[in-house]
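Okay, here's what each chain looks like letter by letter:
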Amino acid sequence: MNTIFKYTAPALCLLFFLNPAIIGNQRLTIKDDLGDTHVFGSPPQRIISLAPNVTEILFALGLENKIIGVTRYCNHPKKAQTKNRIGGIVDPDLEKIIDLRPDLIIAFRGNPLRLIKRLKSLDLPVFVLEIGTTLESVFSLIQRIGLVTQRENAAKDLVAHLNGDLEKTRDRLKNVRTRPKVFINLHGKGLWTCGKNSFMNDLVREAKGTNIAGEVPRAWSNYNREELIHQNPDHIVVLAKIEKDYLEVKTWFVEEAHLESIHAVQKDKISFLNEDLVTRPGPRIFEAFDQLARILHPSSFEDDK
Amino acid sequence: MIPKKKRTRLLSFLFLLLIAGLYVSLVKGSVKTNFVDLWNFLIHSDQTHAQIFIHLRLSRALLAFLVGASLSLSGAILQGYFQNPMAGPFVVGVSSGASFGAVLALILGLNMSFWGFSLQNVWAFASGFAIVSLVYILSQRRGVFKMETLLLTGIAAGALASSLTSFLIFFKSESFEQAVFWLLGSFQLADWNHIRVIFPIFILCFLISQWLAKDMNLLVMGDEIAQSLGCSVNQTRKIFLIVSTLLASSSVSVSGIIGFVGLIIPHWVRLLIGPDHRYLFFSSSIMGGVFLMFCDFLARTIFSGSELPIGIITAAVGAPFFIYLLNQRR
């Protein structure tokens, strides 16, 4: 027994040190945000994205040729629209996904858990990401996606670039002392807004505003009209896909909603923000941040243009 | 009365429909496949097609069949039990109650499972049973059973359970998708584990109800007559109530609430082959299964790229046909 050990021990040690060299390329072991372990050998070649913001990040990391499927909501960049459509965020077409033979599916926690479990039970390689609720969590999202697609350098560059944008806007706002009250209007005329645990709430905070629904404990909520009059916001920011929808909502606020007593309505501070930009925690969120900052504090941006 | 020939004809027709339903469910889908692909898969068994045929399409078709069979058997039992063709798992509140229990278990994090049998099913059963017992007790006045009261109480209790479910979903759910699932039903994420849950329950309940079908025929004539003919009324009633609740709640816990099947199918079968429960239970099960299998097939193929909740199809297909059927009989 002893002699066997004497001869094999050094060999085992040697094997241990040589291990990565023997295998050739490194095997990456990464845990996703559901706590499931994924092992990656060579970089994934056939990627399916289950969310628009993930698609935008993948494109920004230069993975255009590796993406084989996106959701029907993935409309940016333009080239995303030429990819295979695998259905929606909550109702993707399982047959189509299997038929595309992906070697990586990137999902996020907005995809229903039941769906993710079903994909896993079909032995599909689903990597699940938590989106987070702050602007800076987009950076870690990009880095995680960079890690699993083995594009760490591209991710690092992208983060540095976006961080530059973020700091530039923050720099503009650094002397701002007042925080105007803001009401974010999500979908159409229903007074849907975003509460405490939402991405939008952080966006407003960063843009030096006060979200009047910031105390509502839910991420999304239907706001009370009396409460809106009582809170009296200085700004109403309307999220919409296109300008026409925004104008419709604006007309409603001004003419039909009986909110004439509100500052924002009186001073015509009802602004448009592109819904896709704001609601997707991807590279373009920093554009949205800049736009929102300009809406809330135009005087801080007067000297450029 | 009803000739044997008619029953055989109905059953062989249903059997043919079942085969046809299985065939189209397997061959048609968003990924284009045809008979040749299916044949090649059966001979050469290639991996991608194995997943699509076996794990997606076959499991889904079979689950739809089992749920349809369970719901309409449950409906057939309830209609006999309450001696009323308006009864059904949805009408007496079982479905809504079960769905409330399932959602509550989900939100409290009590959805662990043992051997594929999850605690969620137990909750679904318990709250479905609670609702139907409540409805039963409330619709008895001094020992006299009132049908209008039963239906109204059932509808009210069901509405209450639905509103509680919506409340839970509204406050706690991660997404709107769950609301659609629990309130309108879907087989989109069907898998073999669901079948493992519902199949043994269905078989057990089916055997029990088939075994007690004769007693149900007596019960329909009235409790006193049944008693005098040697049927232990109370015990039989209890068993039937448990069986029908178990069927409905297990269906709800795998596929959400699917309306209409449990109401129209047993009724329809009764119009076709008469009120003898020995045949009614069996035929309703098969008919309900085939019906829901076809409905699910439509739900996933009508619009390419997105699925319809199955409740829309069952009502849209079922209701007009049902009305037509009722008018023909008059």
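Throughout this description, residue numbers start from 1 for each chain and increase along the sequence as written. Key to labels: chains lettered from A, ligands numbered from 1, both in the order written. This being a predicted model, a pLDDT of at least 70 is required before a residue's local features are given, and a value of 80 or more before pairs of side-chain atoms are given or counted; all residues contribute to the totals for chains, interfaces and linings.

A word on the overall build of chain B. By the criteria applied, helices consist of DSSP H or I runs no shorter than four residues and strands consist of E runs no shorter than two, each listed in order from the N terminus. Regarding its fold elements, chain B presents 14 helices and 4 strands. Here the radius of gyration uses the C-alpha set of atoms, whereas the globule reference equals 2.2 Å times the residue count to the power 0.38. Over its C-alpha trace chain B gives a radius of gyration of 20 Å, about what one expects of a compact globule, namely 20 Å for 330 residues. Each of the three principal axes of chain B carries a C-alpha extent, and together these read 65 × 55 × 40 Å. A residue is called partly exposed when the number of other C-beta atoms within 10 Å of its own lies between 12 and 20, exposed at 12 or fewer, and buried at 20 or more, with C-beta atoms placed from the backbone. Out of the 330 residues belonging to chain B, those deemed buried represent 47%. Once C-beta atoms are placed from the backbone, any two residues with those atoms within 7 Å are in contact. For chain B, the share of sequence-separated contacts (at least 6 apart) that also reach a separation of at least 24 residues comes to 76%.

This next bit is on helix α2 (residues 35-44) of chain B. Where burial is concerned, little of α2 of chain B is hidden: 0 out of the 10 residues are buried. Where α2 of chain B terminates, the next one or two residues include Ser45 of chain B, which has phi positive at roughly 45°.

Below, the discussion takes up helix α8 (residues 192-211) of chain B. Residue and element names in this part refer to chain B. For a helix, the expected span equals 1.5 Å multiplied by the number of residues minus one. The end-to-end C-alpha distance of α8, which contains 20 residues, comes to 28 Å, matching closely the 28 Å that a straight helix rising 1.5 Å per residue would cover. We define the bend at any residue as the angle between the axes fitted to the seven residues before and including it, ending there, and the seven starting there. The sharpest bend along α8 measures roughly 25° and falls at Ile198, with the proline Pro200 sitting one to four residues further on. His194, Ile195, Val197, Ile198, Ile201, Phe202, Cys205 and Ser209 are the residues of α8 that are buried.

Our focus in this paragraph is the environment of Glu64 of chain A. Residue and element names in this part refer to chain A. On the secondary structure map, Glu64 appears in the loop between α2 (52-60) and β4 (67-70). Glu64 gets classed as partly exposed once you count the C-beta atoms within 10 Å, which come to 14. Linking Glu64 and Glu260, residues 196 residues apart in sequence, is a C-alpha distance of 49 Å. When residues no more than four places from it in sequence are discounted, the contact partners of Glu64 are Phe59 and Lys79.

Residue and element names in this part refer to chain A. In short, DSSP must find at least two bridges between two strands for them to pair. Reading across the sheet, the 4 strands line up as β10-β8-β12-β13 and stay open at both edges, with parallel pairing between neighbours. Looking along the sheet, the strands with just one partner apiece sit at the ends: β10 (210-211) and β13 (270-274). Here strand β8 (residues 181-185) pairs with β10 via 2 bridges, running parallel. The residue bridging Lys181 from the neighbouring strand is Thr210, located in β10. Helix-sheet contacts for helix α9 (residues 243-256) involve β8, β12 (235-240) and β13, and the interaxial angle to β12 is about 140°. Only the contacting stretch of a helix is used when fitting its axis, a line to C-alpha atoms as for every element, and angles between N-to-C directions run 0 to 180 degrees.

What follows deals with the nonpolar core. Residues and elements named next belong to chain A. What makes a nonpolar core is a set of buried Ala, Val, Leu, Ile, Met, Phe, Trp, Tyr and Cys residues, with links drawn between C-beta atoms within 7 Å. Formed by 173 residues in total, the largest nonpolar core has its most connected members in Ile105, Ile106, Ile145, Leu203 and Phe289. Domain extents, as shown, originate in an automatic or database domain assignment. Each of two domains, domain 1 (18-163) and domain 2 (177-301), supplies a minimum of three residues to this core. What Leu203 contacts, discounting residues up to four positions off in sequence, is Leu135, Val278, Ala288, Phe289 and Leu292.

Moving on: the interface of chain A and chain B. Listed as interface residues are 21 residues of chain A and, on the opposing side, 18 residues of chain B. Mapped onto the side of chain A that touches chain B, the elements with two or more residues apiece are α3 (94-99) and α4 (113-121) of chain A. Across the side of chain A that touches chain B, the residue classes tally to 7 nonpolar, 4 polar and 10 charged. Think of it as three bins: nonpolar holds Ala, Val, Leu, Ile, Met, Phe, Trp, Tyr, Cys and Pro, charged holds Asp, Glu, Lys and Arg, and polar takes everything else, Gly as well.

Residue and element names in this part refer to chain B. Inspection of the secondary structure assignment puts Leu73 in helix α3 (residues 47-81). The exposure class assigned to Leu73 is buried, which follows from the 32 C-beta atoms found within 10 Å. Residues Leu73 and Gln235, spaced 162 residues apart in sequence, show a C-alpha to C-alpha distance of 19 Å. Residues within four places of Leu73 in sequence aside, it is in contact with Cys205, Phe206, Ser209, Leu247, Phe281, Ser284, Ser285 and Gly288.

Moving on, we get to the domain arrangement of chain A. Residues and elements named next belong to chain A. Parsing chain A into structural domains produces domain 1 (18-163) and domain 2 (177-301). The centre of domain 1, based on its C-alpha atoms, is set 31 Å off from the matching centre of domain 2. The partner domain 2 presents 15 residues to the 14 residues of domain 1 that form the contact. Elements with a minimum of two residues in the side of domain 1 that touches domain 2: α2, α5 (137-148) and α6 (152-172). Among the elements that make up the side of domain 1 that touches domain 2, the one with the highest residue count is α2 (5 residues).

Paired through backbone hydrogen bonds, the strands of a sheet run either parallel or antiparallel to each other. Residue and element names in this part refer to chain A. Ordered in space as β5-β4-β3-β6-β7, the 5 strands form an open sheet in which the pairing is parallel. Only two strands of the sheet have a single partner each, and these edge strands are β5 (84-85) and β7 (126-129). The sheet contact formed by strand β3 (residues 47-49) and strand β6 (residues 104-108) spans 3 bridges and is parallel. By the bridge assignment for β6, Ser49 is matched with Ile106. Lying on the sheet, α4 is in contact with β6 and β7; it crosses β7 at an angle near 155°.

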